[in-house]
Each structure stands twice: as structure tokens, then as C-alpha cells.
There are 2 protein chains.
Amino acid sequence: MSNQLTNLGRNLIAATLLGLILFAGSPASAQDADPLASWSEGPTKTAIVEFVAAVTDENGKDYVKPADRIATFDNDGTLWVEYPMYTQVLFAFERVKELAPQHPEWKTKQPFKALLEGDMKTVGASGMKGIGEIVMATHAGMTAEEFAEEAGNWLRNTKHSKFKRPYLECIYKPQLELLAYLRANGFKTYIVSGGGISFMRPITMEAYGIPPAQVVGSSIVTEFQIKDGKPVLVRQPKINFIDDKAGKPVGIYQHIGQRPILAFGNADADMQMIQYTKAGAGRSLGLFVHHTDANREFAYDRKSHVGTLDKVLDMAKENDWIIVDMKRDWKRIFPSEK
Amino acid sequence: MSNQLTNLGRNLIAATLLGLILFAGSPASAQDADPLASWSEGPTKTAIVEFVAAVTDENGKDYVKPADRIATFDNDGTLWVEYPMYTQVLFAFERVKELAPQHPEWKTKQPFKALLEGDMKTVGASGMKGIGEIVMATHAGMTAEEFAEEAGNWLRNTKHSKFKRPYLECIYKPQLELLAYLRANGFKTYIVSGGGISFMRPITMEAYGIPPAQVVGSSIVTEFQIKDGKPVLVRQPKINFIDDKAGKPVGIYQHIGQRPILAFGNADADMQMIQYTKAGAGRSLGLFVHHTDANREFAYDRKSHVGTLDKVLDMAKENDWIIVDMKRDWKRIFPSEK
């Protein structure tokens, strides 16, 4: 018995010491691997790391409890590529071509006629009304599940004109690192995008580790119907909510019900989300991606037809908004780069 | 050195054995304590426990991965008392009385005049239009944060007419156990209520362990404004969304973006949520509280002015919906009961 106890004791000592060694080893190696490895050293990265350290320090004056660590990210131009045209608009254009055989009337009806003939000037000239008709024709009339499948398949299989990779692979590596870093520090990460909520949701878990319930976006009206005895949600050709500009803080209020402490955008259309975030009582961080890298991605800002970044550039300094210079601050842009 | 090592060894043995004892003790006592102790033994409790066992059994044919374990609960009459009148309507009525000194015009304007004079018959006769005016007068015109504070304070401090306890304590103990049991089994629990999303959110974490982002409800339009240089969300006197009846599956689609596998209601107004849930591809559970206990709570169903439960009672059997008989299935109703 005594001998057995001694043996038990030895084994326990061995096991415990091994445990201590393993335990001592793991934080050290976690520190070695930089969780923001694709971010260049400099003031931007320092500001992010210092902010996260401050709000997670239980003894510090800026401590925020985990339940209140809400981070919101725009999608187009902030998490994935939006140039030369918003992904969802390209999806709508391609769907028109695919659906054309079922719509012989489109051969003579604008702006569908122009789109099918490749006359993009006339499509553009049809304005919001024309583009709206194209979006409704391709986003409504089907069930919620049918649309999710169409959008998911398209994003997985359609290639970007410059990068020759599926759109799902045209997402920014530094942002994937930042999302993971925030989550590892107790943050809940949300997308708050002007894009369609139902267009993004089929891929946000796979692309960003963000589940459907943590996606806020624009939407069309959806109706519950019993169709052939089966309950279905049918998408209607009518706008429900535009989650853009002043709509972003409203979308955050309706969906999340808490004010973010970190918000990340890339355009004037994200300004209100960052203003709302920065107006919170505690410490907060507001950031904008500035697309400055024509070589590795694209360079555009004040006069761009997508993701216009103009007022924000003028107002950033006095408002303590961080402008993330893609060329300077991001060592690599896409996951495929080594 | 050798002596020190021996001491270290002894301490480690002591610490480890203590750890083993504590560890061995905790699962056993967790099994002993029934997580659904307020539910009477019988077919209802068995159905719940069997369902949870089936969807969490990795080797079973009904397995559902944690990310898809979505459970949605109605609030009024399902999680908290709704009789003799919906809590939020009583809040609106009381707020009119509190706000009356700032609104001298209400002395002559219906239905405010009748409400201030205690003439509830005239208030009732003013119908949806009149009640709507009372709701808007008390729910709009302030910032999001001001309203959250008003609602939270009221729910914490106002007592129910029968139970003489704050509304926050008029919540059902068996449902608190069920919510915790589901979460312990990897479910994400949501409220999906016809009540106002902003009325419930200030107390759902405290009352049910459900954070603001997991509350779906009716809402009024909210506007982002810069007021005296400060960004604020101002509540507008205009309906945004009614999360009731056929609106419930729509609210689930917009907010959660996934179909529940368990849904719990108590009225015909919850039927569409349960239909949508039960139409999913895998195994699912749909339940309704039937208020049958006039002594401990209230008894009402087919002809009730609140929480009408009529069609559901006729359709339950053929649709495999579970009717939870409050009197039979709940050992105790409120947390204050021993």
C-alpha cells in the first residue's frame, strides 16, 4: 500500500511536472508567433495592439468586460475586394445572363437588353432605377434557401477579373488575422455591410469565421408562405433596409443592440458607423482601409465610383480615426501570398 | 536541494490528489442534480430530454452540430407572465401617467384623456389606432439609450397586480432551467417575441442569460442624428417591423439567418415560428405553453384577449406539436417558489 502510494506519488510528480513544462511552453510559443504577422510594424499596428491590451487589462482604467467587446467590420473594400465593381453587382449582372433564357422579354426591355448585349454604358445610364430592377430580378422571387445556394455557389466558383481567383479567395489576410486576434481576446466580431445580408451569409463562416447571426446588411422584404403545404420564406422585390451610411448605426442598434468599441470601414459610407462607435463612453477604436496599392490590389479614394473615401480623409485627424495605408501597413494582402 | 524537491513533490501530490477528488466529485453531483428539476416527470419532459440527447449524440442519425443548434423562445406567456395584460402595454399606460405633466394637451385628447381618467373602456374602444398612439407617445422621441434606461428601470421596479413582485421576477422557473439546459448542450438560445426588441433587451441578460444580440422583436424606426455635435440614435413614431405571426419566421431569417431546431411559444401567434422550425430537414421540436393553472398563475386559451391559443390546440396532434400543460408539467412556476 505504502509502495503503491509512493509509485502513485512518483507518477503524479512526473505527470505534473510534464504538465507544468508544457504549460510554461505554450504561452511562450504563442508569443513567438505574431497573431498580426501580415501587419507591418508601425503606428497602425501599435495602435491596434495597444487598444486591445488596454480594454482587456482587468486592472486598467480602460477595461471592457468581454460581453461588451463588440467589433464591427464593413465588408466591401474592408474585408474583401470591391474594385473595379462591388461583387454583388457583378453577381446580379451574371445572373441576368444565366436567367435570360427564362425571360425572353429581357431581349427588348431596358436595362436588361443593354446588359445582355454588353452595352455597359447604357446599363450605367439607367441609374439607380435600372440597377435596382436588375438587382430585384436576380435577388427576389425565390425562397431564402434557393438564394443562399445561388449566392454561395457563385462566390465559390466565379473568378475576379484581375486576380483570377474565386471571390471567396479575394479577402484580405491582415483582416483575417485581426478578426482572429480580436476573437482570441474575447471580442465578438460582426460584419456590418451595405451589401445584402443574404448574399454574404452563405460564405461568412467559411471566409471569416463569422456565423450568419453576426452579419448585418441590407435586405429585401421576405414573406412567410405555405406553398404546396410547405412553409417557405419567399424573397420579394421590395427594399426592406439599406444598411449603409446613417443606416449602419441603425442596423447595429437593431441587430446587435450594443455599441461597438471597435469599428473598421474603408469609405465615407462607413463614417457614421465609426462616429457612433467613437461616441461611446469608454475607449474605442475607429479605422479605415485606404486603398493605396495599385500594384498588389488597387489604388482609389476621393473620386472613385466604388468605396469613395473623401470626407473621411479630411476629417480623420481631428476625430482620431486611423487611416490604414494598405501599401505601408499590410505586408501581404491575400492569403495566397507567402 | 533534494529536500526541497521532496517538499515540492509532496505539495504537488497533495495538490493533484485534491484536484482529482474535486474533479471526480463534480460530474457525479452534476448528474445528481436534475437540470430540469421544476419539470414534472412525464411525456413532455421525456420528449425534451430525448430530443436533446438525439441531436447531441455524435454517433446518432439525428446529430446536429453545435453551430446549428438554434432554439427560439417567444417571451410574453412563454418566458414571462402576460396576463391579465401584456407587460409592455402596461408600461405604456403607466408612462402616459408619468409624462402627463409635460403634455397638458392630453387632458382633452383621446385616448390619453380616458387613460388619465382611468376610463379603460374608452381606451379599449380606441382600438389599435388609439393604443398605437399611446405606444408611440411613450416609445418614441427619445434616444435609444434613454429608452433602454426607462424600460429597464420600470421592469425592475414595477410590481405585477396578482403576484406583487417586480415583472422581472414574474418569469417561469422551468423555462430558465430549460434555457440553461439547452445552452449546456451547445444550443444558442434566442428570444423571438412580438414585444418590442428595445423594451426587452435591457433585462434579457439578467432575466434569462440571453444577450441583446440574441433578442428578436418588433421595432420602430430609429434614426441616426448628430445632435449638439454628438451622434445619437433617435426613436421615431413609426413602425419598422412587427415580429408576430408570419413575421416571426421572417424575423428569424433577418436576425439569425438559420432555421431553429427547437421553438417554444404559447399562442396562435407563435404557430408560424413553430411551422417554420418543424419544416427543417432534420429532427426538430415545437412546443406551446398551455396556461391551465388558475391558482398558481392563470388559466386562459381559446377566447383569451391576450395569448389566444385556439387553432394550435386543434392542430397540435397532427403536426406533432407538444402542448405543455402548465398545471401538469410544471412542478413550480416562479423562481420564488421552493
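In case you missed it, the structure is sitting above this.
Residues numbered from 1 in each chain as written. Chains lettered and ligands numbered in written order. Predicted model: local features only at pLDDT ≥ 70, side-chain atom pairs only at ≥ 80, totals over all residues. Heavy atoms only, no water.

**Brief notes about the interface of chain A and chain B**
Thinking step 1. Facing the 40 residues of chain A at the interface are 40 residues of chain B.
Thinking step 2. Of the roughly 3300 Å² buried between chain A and chain B, counting both surfaces, carbon and sulfur atoms make up 61%.
Thinking step 3. Counting across the chain A and chain B interface gives two salt bridges.
Thinking step 4. Counting across the interface, chain A meets chain B through 16 residue pairs in polar contact (both at pLDDT 80 or more).
Thinking step 5. Of all the secondary structure elements, the ones that give two or more residues to the side of chain A that touches chain B are helix H1 (2-32), helix H7 (144-157), strand E2 (188-196), helix H9 (197-208), strand E3 (215-227), strand E4 (230-241), helix H10 (247-255) and helix H11 (271-278) of chain A.
Thinking step 6. Grouping the amino acids of the side of chain A that touches chain B by side-chain chemistry returns 21 nonpolar, 13 polar and six charged. (Contact = heavy atoms within 4.5 Å. Buried area = accessible area lost by both parts, 1.4 Å probe. Salt bridge = Lys/Arg side-chain N within 4 Å of Asp/Glu carboxyl O. Polar contact = N/O pair within 3.5 Å; in protein donor to acceptor, adjacent residues only side chain to side chain. Helix = DSSP H or I, 4+ residues; strand = E, 2+ residues; numbered from the N terminus. Nonpolar A, V, L, I, M, F, W, Y, C, P; charged D, E, K, R; others polar.)

**Digging into the relation of the copies chain A and chain B**
The relation between the two copies of this chain is a rotation about an axis and a shift parallel to it.
Thinking step 1. Overlay of chain A on chain B (RMSD 0.0 Å): rotation 180°, translation along the axis 0.0 Å. The transformation relating the two chain copies, once decomposed into turn and shift, fits a two-fold axis. (Least-squares fit on C-alpha atoms with pLDDT ≥ 70 in both.)

**Details of the sheet that holds E4(A)**
All names here are of chain A.
Thinking step 1. One open sheet accounts for seven strands, arranged E4-E3-E2-E1-E5-E6-E7; its pairing is mixed. Looking at the sheet topology across the chains shown, the edges are occupied by E4 and strand E7 (322-325). When the angles between neighbouring strand axes are averaged without regard to direction, this sheet yields 35°.
Thinking step 2. Strand direction decides the pairing type here: strand E1 (residues 70-73) and E2, joined by four bridges, are parallel. From the neighbouring strand, Ala71 faces E2, where its bridge partner is Thr189. (Pairing = 2+ DSSP bridges. Axes fitted to C-alpha atoms, helices over the stretch in contact; angles between N-to-C directions.)

**What about the packing of H10(A) against helix H9 (residues 197-208) of chain B?**
Between two packed helices, both the angle of their axes relative to each other and the distance between the axes serve to describe the pair.
Thinking step 1. Running from N to C, H10(A) and H9(B) cross one another at 60°; their axes reach a closest spacing of 10 Å. On the basis of their axis angle, the class for H10(A) and H9(B) is oblique. Mapping the contact onto sequence places A:Tyr253, A:Gln254 and A:His255 in H10(A) and B:Ile197, B:Ser198 and B:Arg201 in H9(B).
Thinking step 2. Of the residues that constitute the contact of H10(A) with H9(B), the class distribution is two nonpolar, three polar and one charged. (Parallel < 35°, antiparallel > 145°, perpendicular 65-115°, else oblique.)

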